[in-house]
Amino acid sequence: MFFRNLTLFRFPEGSQKSLAKLEGKLDEHRLRPCGPIEMATRGFVSPFGRESDELLHRIGKYTLVTIGSEDKLLPSSVIAEALAAKIGEITEKEARRIGARERKRLKEEVMTDLLPRAFVRPSRMFAYLAEDSGWLVIDTASRKAAEEAVSQIREALGRFPATPMAPSDSPRALMTDWLVSGKLPAGLSWGDECELRDPSEAGAVVRCRRQDLESDEVREHLKSGKQVFQLGLELDERMAFVLGEDLTVRKFHFLDVVLDEIGEEASESARTELDARFALMTLETRRLLEKLDEWFGLPRPDERD
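Small disclaimer: the values here were computed from a predicted structure and weren't measured.

(A) Region of interest: the nonpolar core. Counting 45 residues, the largest nonpolar core has Tyr128, Leu231, Phe241 and Leu292 as the members making the most contacts within it. Broken down by element, this core gets its largest block of residues, 9 residues, from helix 9 (residues 270-296). If we skip the residues at most four places from it in the chain, phenylalanine 241 touches Leu188, Leu231, Gly232, Leu233, Leu235, Val249, Arg250, Lys251, Phe252 and Leu288. Within the second largest apolar cluster, 24 residues are counted, among which are Val65, Ala127, Ile138 and Ala146.

Written out as structure tokens, the structure reads:
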């Protein structure tokens, strides 16, 4: 279990007291099966899988939770076809035109009829809270999905003032300066991909993969005024990732030197394996979070009443 993407939020020091009660709060917010006429449900599930009832896992000041989802699969084409058939039947029998208001009502009836027969797609999303440093790290690159995860934690606690990143310095400007100057902060080295954009509305977009980022080709795009929106990087030869101008970390993975620390021997159980991976991941990711704070200025928010 290693995160593949990191969407980051920060929460104030005062939240530690409520987080200490999180375990007792989660049981009321377990994921329940999607009802016959529901489109989706959200709730907490066990990080250890279906065989366990535990809803969180703690190692030191780090708490791992898993948000589960069940979504009904009801394609718009299926709804449209069923609605057309229903409207055609009414038109043929009653020889009259269907108005917009009635059409809307008929569509709702069609969906109510189709929902109980729709397939359900389950999904799981991991997140962890670093209570001592105030980071909430969610394994997704989707801002919408991340906000839903925050809402689930907030609903369980009653109050959870986590906020998105508010950098003191513009990530886009700093990453562009790194690439223009060819100079990176200590510990960083170049990856092999980037996304450059003309910042003007409807401007050109250039995506480079498996590319030498210090090549003349890349420099020509920078000379023409394009800016860095995503940049591939490696930190301390231990992890690689693509950093976005919104500070979302994509394609996050550990390099061989870190993976070798786990070893190739089979774990005694799923629990011990999760322990080992979670401990290693949080330790290594802390290194990256501290650097992001150092480079861009990401202060922990103050407690607000």
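Read on for the rest.
(B) Region of interest: the packing of aromatic side chains. In total, this model carries 10 aromatic pairs according to the counting rule given. Judged by centre distance (6.0 Å) and plane angle (70 degrees), the rings of tyrosine 62 and tyrosine 128 are edge-to-face. In this pair, tyrosine 62 sits in strand 4 (residues 62-73) while tyrosine 128 sits in strand 5 (residues 119-130), placing the two residues 66 residues apart along the sequence. Overall, tyrosine 62 belongs to the buried group, its relative accessible area being 12%. Note on phenylalanine 252 and phenylalanine 254: the rings are 5.2 Å apart at their centroids and 75 degrees apart in plane angle, and the pair reads as edge-to-face. By relative accessible area, which is 6% here, phenylalanine 254 ends up buried. Cluster of aromatic residues (ring-pair linked, three or more members): Phe3, Tyr62, Phe126, Tyr128 and Phe278. Over the ring of tryptophan 135 we find arginine 10, and its NZ or CZ is 4.0 Å from the ring centre.

(C) Looking closely at the pairing of strand 4. Strand 4 sits mainly inside the fold: 11 of its 12 residues count as buried. Bridge count for strand 2 (residues 40-45) against strand 4 is 6 bridges, and the pairing is antiparallel. Looking at the pairing, alanine 40 lines up with aspartate 71 of strand 4. Both strand 3 (residues 56-59) and strand 4 contribute to a ladder of 4 bridges, which runs antiparallel. Within strand 4, the position partnered with isoleucine 59 by the bridge is tyrosine 62.

Reading guide: rules and limits
Residues numbered from 1 in each chain as written. Predicted model: local features only at pLDDT ≥ 70, side-chain atom pairs only at ≥ 80, totals over all residues. Heavy atoms only, no water. Core = buried A, V, L, I, M, F, W, Y, C linked by side-chain atoms within 4.5 Å. Buried < 20%, exposed > 50% of the residue type's maximum accessible area, 1.4 Å probe, protein only. Helix = DSSP H or I, 4+ residues; strand = E, 2+ residues; numbered from the N terminus. Contact = heavy atoms within 4.5 Å. Phe/Tyr/Trp six-rings, centres within 6.5 Å; stacked < 30°, edge-to-face > 60°. Lys NZ or Arg CZ within 6 Å of the ring centre and 35° of its normal. Pairing = 2+ DSSP bridges.

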